[in-house]
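# Descriptive structure summary
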Amino acid sequence: MSGEWTVEAIVRATLPVLCVLTLIEIGSGMVLHGFEATLVQYPTLLVLVPVVIGTAGNLGSMLASRLSTALHLGTLTFGTNALLVGHVLGTILLAGTLFPAVGAGAWLLTSVIGSPTLGLGRVLIVATLSGVVLALVVVIVTVSATYIAYRRRADPDDVVIPTVTNVCDVLGVLVLFAVAQLVV
């Protein structure tokens, strides 16, 4: 990792990444627009969209932060590493417990505001399955982005979290709607 900690060095490292991620976010909006009819038909899915992608982004950010700290401390190596495996399993298990609560909350909110067109069981299945799949994607993206940053001698603190959260936005929408299409 580069030892240069100046504003100029950080901007030089992050500006190209942020430009690419901006284009990815535009893609996320276009994907979301493509599912507008489904969102109108099933308002609970509309409630789920920001919460699911936000939660996935948060899981990825936490994992990225832990991996970056371990790299800075010199306790992380890429390969067979108990620390890496523990962080990955922790992220997946956390997703398995968080996303059912997210689904229940979305269904409850939709029930309070209006009339949910999807039953609680289906919403829980959509939220949980989407969350677990997204957790797997988050792990792959986070570990890959951290490894690439490490190999390019870039500070993972500068590039991994923005990358993970933006990729989660796009893939979160795609995964949520793919699962919804299968379940609904």
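The model shown is predicted, which means the values in this text are computed figures rather than measured ones.

Attention now moves to the packing of helix H3 (residues 43–73) against helix H4 (residues 82–113). Orientation of H3 relative to H4, taken along the N-to-C sense of each, is 160 degrees, at an axis distance of 10 Å. Comparing their axes, H4 and H3 come out roughly antiparallel. Relative to H4, the crossing made by H3 is right-handed. Split into classes, the residues belonging to the contact of H3 with H4 amount to 22 nonpolar, six polar and one charged.

With that settled, the discussion passes to the environment of Met30. Inspection of the secondary structure puts Met30 in helix H1 (residues 7–34). The spacing of Met30 and Val170 is 140 residues in sequence and 9.6 Å in space, taken between C-alpha atoms.

The next point concerns helix H5 (residues 120–151). Count 3.6 residues to each turn of an α-helix, and residues three or four apart come out pointing the same way. Under the 1.5 Å per step criterion, the end-to-end length of H5 is 45 Å for 32 residues, consistent within 8% with the ideal 46 Å. Arg153 sits one or two residues past H5 and shows a positive phi near 60 degrees.

On to unusual backbone geometry. Unusually for a residue other than glycine, Arg153 sits at a positive phi of about 60 degrees. Topologically, Arg153 is positioned in the loop between H5 and helix H6 (156–183).

Two elements in contact, H3 and H5, have axes separated by 9 Å at closest approach and are oriented at 30 degrees. Two packed elements cross with a definite hand, and for H3 against H5 that hand is right-handed. Contacts between H3 and H5 involve Thr44, Leu45, Leu48, Val52, Ala56, Leu59, Gly60, Leu63, Ala64, Leu67 and Leu71 from the first element and Val123, Val126, Ala127, Leu134, Val138, Val139, Thr142, Val143, Thr146 and Tyr150 from the second. By residue class, the composition of the contact of H3 with H5 is 17 nonpolar, four polar and no charged.

This brings us to the confidence of the model for the chain. Close inspection of predicted coordinates is inappropriate for parts of the model with low pLDDT. Averaged over every residue, the pLDDT of the chain is 87; the share at 70 or more is 97%. Here H1 is the element of the chain with the lowest mean pLDDT, 81, and H5 is the one with the highest, 93.

This paragraph deals with the environment of Thr6. One can find Thr6 in the segment before H1. Assessed through its relative accessible area of 35%, Thr6 is described here as partly exposed. For the pair Thr6 and Pro50, spaced 44 residues apart in sequence, the C-alpha separation works out to 34 Å.

Below, the discussion takes up the nonpolar core. Membership of the largest hydrophobic core comes to 37 residues, with the highest contact counts inside it found for Leu45, Leu48, Val52, Val126 and Val160. If you list the elements that add at least two residues to this core, you get H3, H4, H5 and H6. The dominant element in this core, judged by the number of residues it contributes, is H6, at 12 residues. Once you skip the residues sitting within four places of it in the chain, Val126 turns out to touch Leu45, Leu48, Leu176, Val179, Ala180 and Val183. Counting nine residues, the second largest nonpolar core, distinct from the first, contains Leu67, Ala70, Leu71 and Val88.

Definitions and limits used
Residues numbered from 1 in each chain as written. Predicted model: local features only at pLDDT ≥ 70, side-chain atom pairs only at ≥ 80, totals over all residues. Heavy atoms only, no water. Axes fitted to C-alpha atoms, helices over the stretch in contact; angles between N-to-C directions. Helix = DSSP H or I, 4+ residues; strand = E, 2+ residues; numbered from the N terminus. Parallel < 35°, antiparallel > 145°, perpendicular 65-115°, else oblique. Left-handed = near helix turned anticlockwise from the far one by under 90°. Nonpolar A, V, L, I, M, F, W, Y, C, P; charged D, E, K, R; others polar. Expected span 1.5 Å × (residues − 1). Contact = heavy atoms within 4.5 Å. pLDDT = per-residue confidence, 0-100. Buried < 20%, exposed > 50% of the residue type's maximum accessible area, 1.4 Å probe, protein only. Core = buried A, V, L, I, M, F, W, Y, C linked by side-chain atoms within 4.5 Å.

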